[in-house]
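Structural features, examined
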Amino acid sequence: MTRVAGKVALVTGGASGIGLSAATLLAEEGAAVVVADYNLQGAEEVAADLRKQGKQAKAIFLDASESESIQQAVAFTVATYGKLNVLFNNVGLTNLQKDLDVVAMDLAEWDRLMNVNVKSVLLGARYAIPYMKQVGGGSIINTASMSAFAGDSIRSAYGTSKAAVVQLTKYIATQYGKDLIRCNAIAPGLILTPAAKANMSPSLLATFEKYNALPYHGEAADVGHAVVYLASDESKFMTGQTLQIEGGHYIGNPTSPDFLAMQQ
Ligand SMILES: NC(=O)c1ccc[n+]([C@@H]2O[C@H](COP(=O)([O-])OP(=O)(O)OC[C@H]3O[C@@H](n4cnc5c(N)ncnc54)[C@H](O)[C@@H]3O)[C@@H](O)[C@H]2O)c1
């Protein structure tokens, strides 16, 4: 359990779902972790739980829509543990009620999602990079989504914002690779986090599963393990990439699930 031993990691949105899983797995693999979240109580519970297990963890309030708050979370991490090696830029918002098709969507929601989903990634990197340079490099991991790669009937802002995260990942990787700072993204398909479960009916979940190549849904740890890999030196020759963790939902001809069913 030492794949990221000695590293210091800041995880945004670490109180729940994918961020919680990544924070837990990073701590289990030896990193000191700062859990940053809008839900401070939740972040404190995660950190306290990890400390009880003998891991190093602290919590801090973060509002990822505020530049100053992101700067403070980065500075807190360095003040607490002396350095920053890993930044998991994980906060991202979606809104099924207001983020609709391009004619019907709420334009204020477009701005809000772009601000939180894209600008917070830029700002996290902007504030972390000088500290990473001080310690001879680091790893930035951004949470994109499979929505970056396909059109859909709604969620125009979400998908576009996540496509921007994929592209921004390449820019950061290109600009700071010579400083030994790597930047990669993860693109989850549907992952059954508490938030996803709360928003989806059983029939919607069944529809998603039908179009997976694998016969089950993704769990937060399926993404958390990938974050540990990208944070560790095991991925030292990998930068600018987006790891797709999606159960084969997007790999086949769209009609293939229906043809497979016809053959049975
Ligand atoms: N769950 C999925 O199916 C799925 C699929 C693709 C991509 N993603 C992406 O994964 C990331 C995490 O999603 P999740 O499903 O784990 O969500 P989640 O709702 O379980 O967790 C998100 C965490 O972020 C925190 N948060 C929200 N807004 C914040 C803000 N402005 N500032 C600070 N913290 C804030 C919440 O309090 C929560 O703890 C997001 O970027 C999301 O877009 C999720």
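As named in an unreviewed UniProt entry, the protein chain is Glucose 1-dehydrogenase, taken from Exiguobacterium antarcticum. Recorded in UniProt under Sequence similarities (unreviewed entry), the annotation for the protein chain is "Belongs to the short-chain dehydrogenases/reductases (SDR) family."

Right, let's get into the pattern of salt bridges. What the rule picks out here adds up to four salt bridges. Arg-3 serves as the salt-bridge partner of Glu-234, at 2.8 Å between the closest nitrogen and oxygen. With Glu-234 in the loop between helix 8 (220–231) and strand 7 (242–245) and Arg-3 in the segment before strand 1 (8–12), this pair connects stretches of sequence that are 231 residues apart. The partner of Lys-210 in a salt bridge is Asp-258, with the nearest N and O atoms 3.2 Å apart. Taken together, the positions of Lys-210 in helix 7 (residues 202–210) and Asp-258 in helix 9 (residues 256–263) put the pair 48 residues apart, joining distant regions of the chain.

What follows deals with the pairing of strand 6 (residues 181–188). By the criterion of burial, strand 6 is predominantly enclosed, with eight of the eight residues buried. Side chains of strand 6 alternate between two faces, with Ile-181, Cys-183, Ala-185 and Ala-187 and Arg-182, Asn-184, Ile-186 and Pro-188 buried alike. Pairing analysis gives six bridges linking strand 5 (residues 138–143) to strand 6, with the strands arranged parallel. Bridged to Ser-139 within strand 6 is Arg-182.

A few words now on the site of the ligand. In the vicinity of the ligand there are 26 residues, among which Ser-16, Asp-37, Asn-90, Tyr-158 and Ile-191 approach most closely. Ser-16 places a side-chain nitrogen or oxygen 2.7 Å from an oxygen atom of the ligand. Contacts to the ligand include Asp-37, whose side-chain N or O atom sits 2.6 Å from an oxygen atom. Across the complex, the protein chains shield 85% of the 840 Å² of accessible surface that the ligand would expose by itself. Mapped by element, the contributors of at least two residues to the shell around the ligand are helix 1 (17–28) and helix 5 (156–176).

This part covers the packing of aromatic side chains. The tally for this structure, following the rule as stated, stands at one aromatic pair. Look at Tyr-38 and Phe-61: their rings are 5.7 Å apart centre to centre, the planes differ by 40°, and that puts the pair in the tilted class. Within this pair, whereas Tyr-38 is found in the loop between strand 2 (32–37) and helix 2 (40–52), its partner Phe-61 is found in strand 3 (residues 57–61), the two being separated by 23 residues in sequence.

One open sheet holds the seven strands; their spatial order is 3-2-1-4-5-6-7, and the pairing between them is parallel. Only two strands of the sheet have a single partner each, and these edge strands are strand 3 and strand 7. Neighbour-to-neighbour, the strand axes of this sheet turn through a mean angle of 15°, independent of strand direction. One ladder, built from three bridges, connects strand 1 with strand 4 (residues 86–89); its direction is parallel. Pairing of Leu-10 across the sheet is with Leu-87, part of strand 4.

A surface patch of nonpolar side chains, about 310 Å² in accessible area, is lined by Tyr-38, Leu-40 and Phe-61. Take Tyr-38: its relative accessible area is 60%, and that puts it in the exposed class.

Here the focus is helix 1. End to end, helix 1 covers 17 Å across 12 residues, agreeing with the expected 16 Å (1.5 Å per residue, within 8%). By the criterion of burial, helix 1 is predominantly enclosed, with nine of the 12 residues buried. Immediately beyond the C-terminal end of helix 1, within one or two residues, lies Gly-30, with a positive phi of roughly 105°.

To continue, consider the nonpolar core. In terms of nonpolar packing, the biggest core is built from 39 residues, with Leu-10, Leu-62, Leu-84, Met-132, Ile-140 and Ile-172 touching the most fellow members. Contributing elements (two or more residues each) for this core: strand 1, strand 2, helix 3 (67–81), helix 4 (107–134), helix 5 and strand 6. Take this core: its biggest share by element is 10 residues, from helix 4. Apart from the residues lying within four places of it in its own chain, the contact partners of Leu-10 are Val-34, Ala-36, Ala-73, Val-74, Thr-77, Leu-84, Val-86, Leu-87 and Phe-88. In this structure, Val-11, Leu-25, Leu-50 and Met-238 belong to the second largest nonpolar core, which totals 32 residues.

The next point concerns the environment of Met-146. Locating Met-146 in the fold gives a position in the loop between strand 5 and helix 5. Classification of Met-146 as buried rests on a relative accessible area of 1%. As a C-alpha pair, Met-146 and Asp-233 span 87 residues in sequence and 25 Å in three-dimensional space.

Another aspect to go through is the side chain of Thr-77. Its place among the elements puts Thr-77 in helix 3. Taking the relative accessible area as the measure of exposure, Thr-77 reaches 0% and is therefore buried. Here Ala-73 takes part through its backbone oxygen, which lies 2.8 Å from a polar atom of the side chain of Thr-77. The residues touching Thr-77, leaving out its near neighbours within four places in the chain, are Val-8, Leu-10, Val-34, Gly-82, Lys-83 and Leu-84.

Procedures and definitions
- Residues numbered from 1 in each chain as written.
- Predicted model: local features only at pLDDT ≥ 70, side-chain atom pairs only at ≥ 80, totals over all residues.
- Heavy atoms only, no water.
- UniProt positions renumbered as here; feature names shortened; annotations may be inferred.
- Salt bridge = Lys/Arg side-chain N within 4 Å of Asp/Glu carboxyl O.
- Helix = DSSP H or I, 4+ residues; strand = E, 2+ residues; numbered from the N terminus.
- Buried < 20%, exposed > 50% of the residue type's maximum accessible area, 1.4 Å probe, protein only.
- Pairing = 2+ DSSP bridges.
- Near = heavy atom within 4 Å.
- Polar contact = N/O pair within 3.5 Å; in protein donor to acceptor, adjacent residues only side chain to side chain.
- Areas by Shrake-Rupley, 256 points an atom, 1.4 Å probe, with all protein chains shown as cover.
- Phe/Tyr/Trp six-rings, centres within 6.5 Å; stacked < 30°, edge-to-face > 60°.
- Axes fitted to C-alpha atoms, helices over the stretch in contact; angles between N-to-C directions.
- Patch = residues over 30% accessible without salt bridge, like charges linked within 9 Å, V, L, I, M, F, W, Y side chains within 5 Å.
- Expected span 1.5 Å × (residues − 1).
- Core = buried A, V, L, I, M, F, W, Y, C linked by side-chain atoms within 4.5 Å.
- Contact = heavy atoms within 4.5 Å.

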